[in-house]
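So you can see what is in the structure, the chains are spelled out below.
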There are 2 protein chains.
Amino acid sequence: MISQTEENYLKALWNIISNKGEASVNELSKQLEIKMPTVNSMMKRLAEKGLVIYESYKPLKLTDKGKKQAALIIRKHRLTEMYLVEKMGFGWEEVHDIAEQIEHIQSPAFFEKMDELLGFPKVDPHGSPIPDKTGKIEAEQYIRYIKLSDCREGDTVTFMAVSHSSDDLLKFLNSRELSLGSKIKVRSIEPFDDSMTVSYGGRKAEMLSNKVCDKLLVRPA
Amino acid sequence: MISQTEENYLKALWNIISNKGEASVNELSKQLEIKMPTVNSMMKRLAEKGLVIYESYKPLKLTDKGKKQAALIIRKHRLTEMYLVEKMGFGWEEVHDIAEQIEHIQSPAFFEKMDELLGFPKVDPHGSPIPDKTGKIEAEQYIRYIKLSDCREGDTVTFMAVSHSSDDLLKFLNSRELSLGSKIKVRSIEPFDDSMTVSYGGRKAEMLSNKVCDKLLVRPA
DNA sequence: GTAATATGTTAGATTGGTCTAACAAAATTA
DNA sequence: TAATTTTGTTAGACCAATCTAACATATTAC
Ligand SMILES: [Mn+2]
Ligand SMILES: [Mn+2]
Ligand SMILES: [Mn+2]
Ligand SMILES: [Mn+2]
């Protein structure tokens, strides 16, 4: 009914909308690395199918049906990432590309089994929430984490999620042994470049650039 | 480089060739439920790509490159089936359709990991051999099993594989608690319909139709 | 408020993967 | 061997998914 290609468009739309509030043809085009005219006609097709609300020159929206479909693909993606890390021994920096493919597998039983074997996890290995079977994200998880870069000297916080997880960032965090759940204390902030010196786990004075701190989502103690 | 669609053609070709010695456009067409003209043009494409040897009105062949590619897809299929049964708790009758999709995942690391977690299995849950990483099937596994239907009264054999495993057959075998590795003794053969009365495991006198016996591959004791 | 730039749309081409209809060759049957 | 049936091929259509080129509208800068 809905193709792999269409699923990828839906998912990208969902991601943009939940980060920035609304989506444009231009952004989608950049995100997917597909030219604007192609995106434009795909939006019309998805509108035909009742998944997207398309009006010329207006921001793109998802219908409720579209939101649900998208969330269910995200669910499959995140369950897969969790499974790969927890049950197969992959590192959190290795799983995205595999999940990008497995999210399109058509087999409710397969993902049911994953969910079960994992004990019905609420978040993926990068701290992002896993939508439930109806496409909803539990209220508790709407809690808006704050960026580490928005913290002040002396703050103590818990590292909860990575906002835009690139391979390079994840490998950097691996190298500093900074993982989800770590309690981080902000020792000092360098006024010149906003870099932070923090302590956590065994590490007593790690320096993190502002670019890094901007990607780390934390919960105040 | 090679699409999911092309992979399915290659695999079907490989299966037909290894069962019947050679393949025709007609057989491929039936197997894949795709009309002959479509198959015909796909064969030309795969010939272009050096995977198939195509000559008008002659039987279809795979090149060495084609054989290897096909075997590597079969490898992914069978490793997946084994993983689903051994590590995720699926029944042997549930895994084929999922494997049919997962076999197309592009990620050497993913299948490496499966192989490793499974302890480098040599056969899939239906007793079919798993090609190695170079696409070869180990010599030992070339052993030609015989059909249970070719056995005689009094023979004792080990159930090694299912030849054409349909859902219905596998469910039937489940219901009779007849699984791979069972030692089967042929008690009697009914001359009228060639049905067999056999004993194995806890069961002392199970009646198996000729249609069933024809699908069970066994190794003489 | 006009000019320049960025964003969005339309038109038309291309490729992959499928089909049906018509024709051709090979195999089977009479 | 001739007729019939089965198998294989060619031609031409269609839809999904992509592109480039050209044009239209909105936004931003001056
Ligand atoms: Mn991901
Ligand atoms: Mn994807
Ligand atoms: Mn199978
Ligand atoms: Mn397949």
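Reading guide: rules and limits
Residues numbered from 1 in each chain as written. Chains lettered and ligands numbered in written order. Predicted model: local features only at pLDDT ≥ 70, side-chain atom pairs only at ≥ 80, totals over all residues. Heavy atoms only, no water. UniProt positions renumbered as here; feature names shortened; annotations may be inferred. Helix = DSSP H or I, 4+ residues; strand = E, 2+ residues; numbered from the N terminus. Polar contact = N/O pair within 3.5 Å; in protein donor to acceptor, adjacent residues only side chain to side chain. Contact = heavy atoms within 4.5 Å. Core = buried A, V, L, I, M, F, W, Y, C linked by side-chain atoms within 4.5 Å. Buried < 20%, exposed > 50% of the residue type's maximum accessible area, 1.4 Å probe, protein only. Donors = N, O, S within 2.8 Å, 3.2 Å for Na, K, Ca; no water.

- Looking at an unreviewed UniProt entry, one finds chain A named Transcriptional regulator MntR and attributed to Niastella populi.
- Entered under Sequence similarities (unreviewed entry) in the UniProt record, the comment concerning chain A runs "Belongs to the DtxR/MntR family."
- For chain A, the Function (unreviewed entry) comment in UniProt is given as "In the presence of manganese, represses expression of mntH and mntS. Up-regulates expression of mntP."

### A closer look at the side chain of Thr63(A)
Residue and element names in this part refer to chain A.
Okay, so step 1: Relative to the helices and strands, Thr63 resides in the loop between strand S2 (61-62) and helix H4 (64-86).
Okay, so step 2: Only 2.8 Å separates the side chain of Thr63 from the backbone oxygen of Gly50, close enough to count as a polar contact.
Okay, so step 3: With sequence-adjacent residues up to four places away left out, Thr63 is seen in contact with Gly50, Leu51, Val52 and Ile53.

### Some remarks on the nonpolar core
Okay, so step 1: The biggest cluster of nonpolar side chains holds 32 residues, and the ones touching the most others in it are Met88(A), Ile102(A), Phe110(A), Met88(B), Ile102(B) and Phe110(B).
Okay, so step 2: Elements supplying a minimum of two residues to this core: H4, helix H5 (96-102) and helix H6 (108-118) of chain A together with helix H4 (64-88), helix H5 (96-102) and helix H6 (108-117) of chain B.
Okay, so step 3: Looking at this core, the element that brings in the most residues is H4(B), giving six residues.
Okay, so step 4: With near-sequence residues (within four places) excluded, Phe110(B) lies in contact with Leu84(A), Met88(A), Phe90(A), Ile98(A), Ile102(A), Ile102(B) and Ile105(B).

### What about the coordination of the manganese ion (ligand 1)?
Residue and element names in this part refer to chain A.
Okay, so step 1: Those protein atoms acting as donors to the manganese ion (ligand 1) are His77 (NE2), Glu81 (OE) and His96 (ND1), and they sit at 2.1 to 2.2 Å.
Okay, so step 2: Positions of the donor residues of the manganese ion (ligand 1), expressed as sequence spacing, correspond to H-x3-E-x14-H. Highlighted residues: His77 in helix H4 and His96 in helix H5, separated in sequence by 19 residues.
Okay, so step 3: Note on His77: relative accessible area 7%, which makes it buried.

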